[in-house]
Each structure stands twice: as C-alpha cells, then as structure tokens.
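What follows is each chain in one-letter form.
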Amino acid sequence: MLVTGGAGYIGSHAAKALSRAGYRVVVFDNLVAGHREAVRYGELVEGDIADTGAVRAALKRTGAFAVMHFAAFLDVGESVRDPLRYYRNNVVGALGVLEAMVAESVGYFVFSSTCATYGEPIETPIAETQPQKPITAYGESKLAIERALPYVERAHGLRSVALRYFNAAGADPDGEMGEDHTPEIHLIPRAIQAATGAAELQVFGDDYPTPDGTCLRDYVHVTDLGDAHVKALEAMVETGTSSAYNLGTGHPHSVREVIDTVARMAGRPVPWTLAPRRPGDPAVLYATPHKAQAELRWTPRFPDLDSIVRTAWEWHRTHPRGYATR
C-alpha cells in the first residue's frame, strides 16, 4: 500500500490505521509539508509526486496494489491568493500519480477530497448528491481530480473512492501523532496556541446568519478519518465499485463553541480578536454522513467536540513545538 503524503496530518493517521489493519505501508512524501517524525508506521520513501518516474519506481519496488493519495496543498486562503500553485500540485501532481498507477497496473485509488468541492451549499446538511460548485481554487483542484476519475476508470479499469472530508481535527489518542502545520491554519490548534500564549487567534467574521454570528463547521476526528480510509479501500476491493462519500459527524459547531471548549479543556481563557470575513468561507458546512455509515459501516469513535479538542490539547501540551519537540 503506497500512501502519498503519508508524513502529513491525515496521511500519518491513515498509515497507522492501515498498519493496524494488517497492511504493509510505504509512505511516499517529499517532506515539504510533512514530517519525518510522523512516519511511525511503514517505510518512508522520499520523493515528489511531480516525478512520475519516482512514483512508478516506488510502486514497482513495493508491489503496491493500491494508493491512498493525500499529497496536496490545503490552505483555502492561500489557494485564493495563489491558484496556480494549487492547480500545479493538486491537479497536475495527482494526475501524475494516476499515470504511474496505470503504467504499473495498480488498480485501486483512495482520494483525499474535501467538502470544499460543494462551495456554497444549497441546503444543509450536505449530501453527496448536492451539486459540486467550488468557490476556491482549492475546492476546484480537488473536484478536477474527482471529475477525472470516472474517465480514468473507463479507459484503464482503475477503481477509486473519493472521500470528502469536512473539518479534520484532533490528534492520535495514543499521543503518537498530531497536527503540525507551518503556518498553522486550523481553528482548534490556533485556539490552543492562543490559550498558551504561543500565537494570536483571529475570528474571521461574527455577522454570519448563524445563532452566534460565527461560522458553523462539522469537526471530524482525524483517527476516525483514518479508519474510514481503510473501510473505503476494503469496500472498493470487495465490491469492485467506485464511489464518493462525505466524512463528517453531521453535528456542526460554531467558532465560538470551539473557543469555549478549548478554554474549558485548557483551564484558561482563549484571547481572540475579530477580523473581517475571509473569501471562500460559507456560513454553514456540515455533512449528511449516512451513506458512509450505511455502505462502509463507518461510525466515528470520537463524535463529540469535547473528545476531539481533548486529544488535540494533549498533543499540543506534550508537543509545544510540534514534531520538533524534544
């Protein structure tokens, strides 16, 4: 099993889930955003997905029968400022991985997609049948690959599953892995950093049409995401059918709720300042997870905000400098 981007946040947790399920894991990562220390399950092969020859060589040497693809840029705001960077890596890079798979007759592809492919939702909660109309280059870059996959399957027989995450959060409950981005862009670690005085926290808008004026999001534990990848792979192999699934809890929480939960876990206030809305931020995003629950038999083990924040707090408490902590 080749895991591209497996030294990153979600990829490293998926590698652990795969390893515990009995798969031999090989991580393929250029370590631009990932961390060597995060590769605790499986061998690390350093390489860039832009180098199709290197991906082919890794597939050939390891005899991988499937690829889980996590190697993508993920900062929505940055994608608005620098869309070409996102198309080059997230689209061209992913197509190179698919080319390498076809050349090496690797038949199964699990794709790390995103709820950002839906854009401004027509209704909430969001089901897989809702039209995909991204409003950022990040969402467009992921949707471009989703749209390519049926044509690749028709031409080459490559089966695929696209997993549309909502807000990945939390950390490995065993304390082995966690979230370490530079710069950190996600709300929960930013709130934790603010609570400890390590960084400032901005709230981007408090005038949304929501109960407290701040955005509502569906936070899903990263360990649950890892488990969902294993279940999606196994369902695809068993049925021979390609599909797409939302991965979320179906229960949204506001920015203020997250801040209050972090303050309670930390036992101290979380200072924050108000900033203007960000481009590409819908007011409400949360999933209908019923398809994944029914077809994959996937049920989050950490469905509540408290358990998500608690694992994140423990990771950052014991790793104040992320993976650089000694």
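Here, the structure is the one placed above.
Residues numbered from 1 in each chain as written. Predicted model: local features only at pLDDT ≥ 70, side-chain atom pairs only at ≥ 80, totals over all residues. Heavy atoms only, no water.

Following the sequence through the fold, A71 ends up in the loop between β4 (66-69) and α3 (76-81). As for A71 and Y245, which are separated by 174 residues in sequence, their C-alpha atoms are 19 Å apart. The residues contacting A71, other than those within four sequence positions of it, are T4, G5, I49 and N89. (Helix = DSSP H or I, 4+ residues; strand = E, 2+ residues; numbered from the N terminus. Contact = heavy atoms within 4.5 Å.)

Let's shift gears to the sheet that holds strand β3 (residues 43-46). Where strands meet in a sheet, backbone hydrogen bonds hold them as pairs that are either parallel or antiparallel. The strand order β3-β2-β1-β4-β5-β6-β10 describes an open sheet built from seven strands, whose pairing is parallel. The strands lining the two open edges of the sheet, one partner per strand, are β3 and β10 (243-247). Here the average twist between neighbouring strands, direction ignored, is 20 degrees. With five bridges connecting them, strand β6 (residues 159-165) and β10 associate as parallel partners. Its bridge partner lying in β10, A162 is registered against A244. Strands β5 (108-114) and β6 of the sheet are contacted by helix α5 (residues 137-156), whose axis makes an angle of about 155 degrees with β5. (Pairing = 2+ DSSP bridges. Axes fitted to C-alpha atoms, helices over the stretch in contact; angles between N-to-C directions.)

This paragraph deals with the pattern of salt bridges. Under the criterion given, the structure shown has 19 salt bridges. In this structure, E43 and R61 form a salt bridge, with 2.7 Å as the shortest nitrogen-oxygen distance. With E43 in strand β3 and R61 in helix α2 (residues 52-62), this pair connects stretches of sequence that are 18 residues apart. The partly exposed category is assigned to E43, whose relative accessible area is 33%. Notably, a salt bridge pairs E78 with R85, separated by 3.0 Å at the nearest N-O pair. Several salt bridges converge on common partners, so that one network encompasses K16, R20, R40, D172, D174 and E176. (Salt bridge = Lys/Arg side-chain N within 4 Å of Asp/Glu carboxyl O. Buried < 20%, exposed > 50% of the residue type's maximum accessible area, 1.4 Å probe, protein only.)

Quick look at the state of the cysteines now. Applying the stated criterion across every chain yields a total of zero disulfides. In this structure C115 is not part of a disulfide, and its nearest cysteine sulfur, from C215, lies 12 Å away. Classification of C115 by relative accessible area gives buried; the value is 7%. On the accessibility criterion, C215 (8% relative accessible area) is buried. (Disulfide = S-S within 2.5 Å.)

Turning to the pairing of β4, a few remarks are in order. As a general feature of sheets, a regular strand has side chains that alternate between the two faces. Of the two faces of β4, the one carrying A66 and M68 and the one carrying V67 and H69 are both buried. Of the pairings in the sheet, the one linking strand β1 (residues 2-4) to β4 comprises three bridges and is parallel in character. Bridged to T4 within β4 is H69. The pairing of β4 with β5 spans four bridges and is classified as parallel. Looking at β5, one finds that V67 is bridged to F109.

So, about the nonpolar core. Within the largest apolar cluster, 34 residues are counted, with the highest numbers of intra-cluster contacts made by I10, L18, L163, L233 and L247. Broken down by secondary-structure element, the contributors of at least two residues to this core are α1 (9-20), β4, β6, α7 (222-239) and β10. The biggest single contributor to this core is α7, with eight residues. The contact partners of L18, leaving out residues within four places of it in the chain, are M1, V3, Y23, V25, M68, V230 and L233. Membership of the second largest hydrophobic core comes to 28 residues, among which are A169, A191, A194 and A266. (Core = buried A, V, L, I, M, F, W, Y, C linked by side-chain atoms within 4.5 Å.)

Bringing helix α6 (residues 187-195) into the picture now. Residues spaced three or four apart along an α-helix face the same direction, because each turn holds 3.6 residues. Of all nine residues making up α6, seven are buried, and the element is well covered by its neighbours. For α6, the complete set of buried residues consists of L187, I188, P189, A191, I192, A194 and A195. Looking at the buried side of α6, the elements it contacts are β7 (167-169), β9 (216-221), α8 (255-266) and α10 (305-318). Positive backbone phi, approximately 80 degrees, marks G197, located one or two places after α6.

Looking now at the packing of aromatic side chains. Inspection of every chain in the model, using the stated rule, returns five aromatic pairs. Geometrically, the ring pair formed by F65 and Y108 is edge-to-face, given 6.3 Å between the ring centres and 70 degrees between the ring planes. In this pair, F65 sits in the loop between α2 and β4 while Y108 sits in strand β5, placing the two residues 43 residues apart along the sequence. Here the aromatic cluster, defined as three or more aromatic residues joined through ring pairs, consists of Y23, F65 and Y108. In this structure, R277 is placed above the aromatic ring of Y208, and the distance from its NZ or CZ to the ring centre is 3.9 Å. The ring of Y245 has K291 lying over it, and the distance from NZ or CZ to the ring centre is 5.0 Å. (Phe/Tyr/Trp six-rings, centres within 6.5 Å; stacked < 30°, edge-to-face > 60°. Lys NZ or Arg CZ within 6 Å of the ring centre and 35° of its normal.)

Geometric descriptors of this kind do not, in isolation, establish any biological role.
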